[in-house]
Amino acid sequence: MKILPAFLIVCCLISVQGQNTNAKPSFTIDKNVFDYGNISEDGGLANHTFIIKNTGTAPLIIKQVVASCGCTTTDWTKDPIVSNKMGEIKVAYNPKGRPGPFSKNISVYCENEDPVHLTIKGVVGKAKEEDPPKTPVFSPAETSHDFGTIGENDGYAEHIFNFKNTGDAPLTISRVQASCGCTRPEWTQKPVEPGQEGVIIITFNPKGRIGNFNKSATVYTNEENGHKRHKLTITGVVVEKPADPQVAFTDTVGGVGITEKDLIYKNILPSAANRNILHIKNYNAETVYFTCENIPEYIIVKSPDSLKADWPGEVSVIIDGTKTTEKRGRIKDSFKWIIRNREGNILGSENITATVNYVDDFKQLSPLQNVNAPHLEIKNPQLLFDNVKGGFLGLGGTAGKEFILTNTGKSDLTLHSVTSDDQRIHLPKLSGKIIKAGGSLVVRATVKAKELDTDVDTDIYIVCNDPNGPVRMVKVSAQKAK
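Residues numbered from 1 in each chain as written. Predicted model: local features only at pLDDT ≥ 70, side-chain atom pairs only at ≥ 80, totals over all residues. Heavy atoms only, no water.

> Account for the sheet that holds strand β14 (residues 197–204), naming residues and giving values.
The sheet built from four strands is open, its strands ordered β9-β11-β14-β13 with antiparallel pairing. Across the chains shown, the open sheet's two edge strands, defined by having one partner strand only, are β9 (138–140) and β13 (183–187). Across this sheet, the average inter-strand angle for adjacent strands is 30°, counted without regard to direction. Note: β13 against β14, five bridges, orientation antiparallel. Bridge pairing in β14 places E186 opposite I201. (Pairing = 2+ DSSP bridges. Helix = DSSP H or I, 4+ residues; strand = E, 2+ residues; numbered from the N terminus. Axes fitted to C-alpha atoms, helices over the stretch in contact; angles between N-to-C directions.)

In structure tokens, the structure reads:
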């Protein structure tokens, strides 16, 4: 009887211990979701620590913490956490290469407990792109120069190649290597800062080198770690002395004879180019130097840099029709031609004008379009102002004549311009005027007696969209009464 109570007590203790072994632990985690907000892709690991507290009576053991992605690593308290104490679950997210929103799950496994799921989230901002390395850029204004014709015994021929550093680091020229001993280069020695300019001077010795020449100079810069090369070329013809052209020099500008100052061109299409040549001769006792200013973008001027005393030369003036697609009508443009001496003093200047009929390109018209096109007919195509009389005291006398433009075609006729090169012929402004099919337009031309110091013998030019006659003329003559 004494043994029985003791046996029952032992059995009860064993039963209680078995129940405690299977009991689930009790714990809390400070939060189940953590939002990093905005983080940078290149900001390194994003860390966060979740706090876990044992709210039970038995020690708490964290068996394992597993992340849903390899971009997330974990660490946790490995020792048992006694009652009322806290442990840590550390999470590190790697944002590198993962721009944009993210949400990752972490599963926490405790002894005798179902897994608890935690979440980390946020938005990864794209890493700032690294600025490209700063580099110099050699940008010459030109890479070749044609001296034209130079004399064998007139000394060295020199040309200055201007360049600009269009990069963002200082540009250095280490050397300039000429292809021939007859050519000597000089260049800007100090580094050229970004946006600044420098020069390379190429000097050619024509002595003993009669005939064509083509020489080059290789420019070595610090671009691409010193591996970049640039080539400059000079060309021309060496003669004993150029022959005078068989032309008449009608005027002189700064001691330089010139054949004409007003260039008249043929009709030009938007896809074509026309050229005129000005013959010149230096009547000065020294070399003169030429520059041009205010050149329209569609005019190309090829002029020698200089001209020696008593030497002839030529200036080429080209109208590039590919750059005049918006122009229509008879239009006069100009550029300024300047002559200087060796010291840079201006000896003279002149506005060189270029008058061109800019016409439509009818090449693409089909036979049907051509049949249905407008057609211009002119009534009274000759205007004779005979013995124009002045007004009171010889002033104010005005005479007028009319001619009629008729559209006998099947579509609208557009007048691009109705003008005269002689400013003494006064006309209404008709650019853009439309004459309907079958319609007519009366045009009145006037002259003023006070302007008729000399007789008038000129033309009125009508430029229109008639494919069979885009440029038509009305003859005008006038003289003042004696």
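> Lay out the pairing of strand β16 (residues 229–239) with the relevant residues and their values.
Here strand β10 (residues 144–151) pairs with β16 via six bridges, running parallel. For G151, the partnering residue across the bridge sits in β16 and is V239. One ladder, built from ten bridges, connects strand β15 (residues 211–221) with β16; its direction is antiparallel. By the bridge assignment for β16, K215 is matched with I234.

> Lay out the confidence of the model for the protein in plain terms, naming residues and giving numbers.
For the protein, per-residue confidence averages 88 on the pLDDT scale, and 94% of positions sit at 70 or higher. With pLDDT under 50 throughout, residues 4–20 is counted as low confidence; its partners more than four residues away or in other chains account for zero contacts. (pLDDT = per-residue confidence, 0-100. Contact = heavy atoms within 4.5 Å.)

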